[in-house]
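# Working through the structure, step by step
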Amino acid sequence: MQCQECGKRPATLHYTKIINGEKTEFHLCEVCAKGKGEQMPGVESFSIHNLLSGLLNLDGQFAEDPNARSSVATQGLRCPTCGLTYSQFSKIGRFGCSDCYQAFSDRLDPLFRRVHGHTTHRGKVPERTGGKLRIRREIDELKQEMSRRIENEEFEEAARLRDRIRDLQEKLDS
Amino acid sequence: MSYQRFNQHALSEWMRGKGPRSDIVISSRVRIARNLSGLPFPMLATSSQSAGIVRKVEEALRHQNRPQVMEGAELIRMDDLEDLEKRVLVEKHLISPQLAEESRHGAVVLSRNEAVSIMINEEDHIRIQCLFPGFQPQEAWKMADNLDDWFERHLTYAFSETKGYLTSCPTNAGTGIRASVMVHLPALAMTQQLNRLFPAITQVGLAVRGIYGEGSEALGNLYQVSNQVTLGQQEEEIIQKLAGVVRQMIQHEHGARNRIQESSLTKLEDRIYRSYGILSNARVISSKEAMQRLSDVRLGVDMGLIPDLSAQVMNELMILTQPGFLQTRSKQRLDIEERDIRRAGMIREYLSMKRESE
Ligand SMILES: [Zn+2]
Ligand SMILES: [Zn+2]
């Protein structure tokens, strides 16, 4: 398969991106991928200093968003912890610290939807510090289990689950 | 620091050519990205903050009840290595070029068997990588998951309820997981079926890339398939989807091999034995030609056409003939021409040694 950019070299990078809700395929050679500043998931070799403008196509995306274009607030958006501005972030495609996620939160969900097709984490939660999220997830699971038991008329087991849910709920509220 | 140890064992376990479905799958890798809470990511961390992160990981590793695989593990600082030594670690897929070349206070923790490498101060504070031979993405994930749990007892991660593990690049946020499988697809390449296969794979949200593209080509018909999405899916789902797609690729490759064997065995044998002849006799060989010939010979081994070689021939030689290895072995810097000569010599020597020992 030839590279879709130059049509000369064979394509060695194959991936999709979600742009305006549409899945778009990319088949690029290494040279054109670098030239485009494309960041290929799973390829760790591109440098952070090699500024990946256009990486996430933030500019293009927000140009279509009238709120963002006119918003002076966006221009001045800055992470209070590390000092990175939103416009720096959109140029280099990297956060400066974990608080950037909070500081830029209003702007990030469209980006996450573009890259991942989702905006909310569903995976692993840290055992020690995962805290309330872990408990909430456990409660959800126990509730489902409880309704299954009730349907099967296993009331004794359902009662035990109800007590555990109550304990967890107290832990959550405390 | 006994870097010598790693140099002496030039080859990691994943190159031995053992492991499930190793006729087509070279290796399976899972890496997870983690950052410590309360510290800027490596791009913005000060020198003393970065040095502090290495110390924290080092201290964590001294705690009791280390996962068994980490017994005897070693922390190696990039600043303590020569350029060539770093290059060899990159060529063995144990560290990234970025860690080798650009990190400040970059370091790697290597397990004795080199199945685990933990990069410190790469793009994220910590990247836990588990590399298994053959088709074992599940096993690689389990090990990475365990190591992660163990670290988390001693280190506090940057984590948010909605965005999961917070990473420097938004493409890694959520699970921070990148699972990849390296596959050898010579028959699909010969029958020009990759053109149809790759778009199908990208359609389900996985990415494919040729490896060992010096410049622009996928050399040796080796491809890496990996997940793109890290946020909004569970780790197990991500691994299962990847595994499912790779299983189908394996089937297609088997199908293509059978068809070639039935329809044009003589031509195939000719190609394989020619490549074997060239590798056994050439005096000068470029890395591009070497990879292509190795791919042919490897296919010949898989199809039982070359009984005096084992499957590891390609896995080992593709690493041993990389520039870093060749230069380390001859203990000097070599220009491209000299490398091509050394490469040919190295391959001849390796093949004659293998033939004698079988
Ligand atoms: Zn191109
Ligand atoms: Zn910040």
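Residues numbered from 1 in each chain as written. Chains lettered and ligands numbered in written order. Predicted model: local features only at pLDDT ≥ 70, side-chain atom pairs only at ≥ 80, totals over all residues. Heavy atoms only, no water.

An unreviewed UniProt entry annotates chain B as Protein-arginine kinase originating from Melghirimyces thermohalophilus. Entered under Catalytic activity (unreviewed entry) in the UniProt record, the comment concerning chain B runs "L-arginyl-[protein] + ATP = N(omega)-phospho-L-arginyl-[protein] + ADP + H(+)". According to UniProt, the comment filed for chain B under the heading Function (unreviewed entry) is "Catalyzes the specific phosphorylation of arginine residues in proteins." (UniProt positions renumbered as here; feature names shortened; annotations may be inferred.)

Looking at an unreviewed UniProt entry, one finds chain A named Protein-arginine kinase activator protein McsA, with Melghirimyces thermohalophilus as its source organism.

## Details of the domain arrangement of chain B
Residue and element names in this part refer to chain B. As assigned here, chain B comprises domain 1 (3–256) and domain 2 (265–357). The straight-line distance from the C-alpha centre of domain 1 to that of domain 2 is 27 Å. At the junction of the two partners, domain 1 supplies 29 residues and domain 2 supplies 26 residues. Carbon and sulfur atoms make up 62% of the surface buried where domain 1 meets domain 2, a total of about 2,500 Å² over both sides. In this assembly, domain 1 and domain 2 are joined by zero salt bridges. Counting across the interface, domain 1 meets domain 2 through six residue pairs in polar contact (both at pLDDT 80 or more). At the level of secondary structure, the elements contributing two or more residues to the side of domain 1 that touches domain 2 comprise helix 3 (83–91), strand 8 (177–184) and helix 6 (186–190). Top contributing element to the side of domain 1 that touches domain 2 by residue count: helix 3, with five residues. Counted by class, the side of domain 1 that touches domain 2 contains 13 nonpolar, seven polar and nine charged residues. (Domains from an automatic or database assignment. Contact = heavy atoms within 4.5 Å. Buried area = accessible area lost by both parts, 1.4 Å probe. Salt bridge = Lys/Arg side-chain N within 4 Å of Asp/Glu carboxyl O. Polar contact = N/O pair within 3.5 Å; in protein donor to acceptor, adjacent residues only side chain to side chain. Helix = DSSP H or I, 4+ residues; strand = E, 2+ residues; numbered from the N terminus. Nonpolar A, V, L, I, M, F, W, Y, C, P; charged D, E, K, R; others polar.)

## Looking at the packing of aromatic side chains
A full pass over the atoms with the stated rule returns 11 aromatic pairs over all chains. The interplanar angle of 15° and the centroid separation of 5.3 Å between the aromatic rings of Y15 of chain A and F26 of chain A together place this pair among those described as stacked. Taken together, the residues span a long stretch of sequence, with Y15 of chain A in strand 1 (residues 13–19) and F26 of chain A in strand 2 (residues 22–28) at a distance of 11 residues. According to the relative accessible area criterion, Y15 of chain A is buried, its value standing at 1%. Ring geometry for Y157 of chain B versus Y165 of chain B: centroids 6.0 Å apart, planes at 80°, classification edge-to-face. Summarising the burial analysis for this pair, Y157 of chain B and Y165 of chain B share the class buried. Here the basic side chain of R34 of chain B rests over the ring of Y157 of chain B, its NZ or CZ set 5.8 Å away from the ring centre. (Phe/Tyr/Trp six-rings, centres within 6.5 Å; stacked < 30°, edge-to-face > 60°. Buried < 20%, exposed > 50% of the residue type's maximum accessible area, 1.4 Å probe, protein only. Lys NZ or Arg CZ within 6 Å of the ring centre and 35° of its normal.)

## Considerations on the UniProt feature "domain: UVR" (unreviewed entry) in chain A
The UniProt feature table records "domain: UVR" (unreviewed entry) at residues 136–171 of chain A. Along residues 136–171 of chain A, the helical share is 92% and the strand share 0%, with 10 Å between the first and last C-alpha atoms.

## Section: the coordination of the zinc ion (ligand 2)
All names here are of chain A. Protein coordination of the zinc ion (ligand 2) is provided by C79 (SG), C82 (SG), C97 (SG) and C100 (SG), with donor distances spanning 2.3 to 2.4 Å. Taken together, the four donor atoms coordinating the zinc ion (ligand 2) and their angles of 98 to 125° define a geometry best described as tetrahedral. For the zinc ion (ligand 2), all donor residues lie on one chain, and their spacing in sequence is C-x2-C-x14-C-x2-C. Residue C79 is located in the loop between helix 4 (72–76) and helix 5 (86–92), and its partner C100 is located in helix 6 (residues 100–103); the two are separated by 21 residues in the primary sequence. Both residues of the pair, C79 and C100, count as buried. (Donors = N, O, S within 2.8 Å, 3.2 Å for Na, K, Ca; no water. Tetrahedral: all angles 85-135°; square planar, octahedral: opposite > 155°, others 65-115°.)

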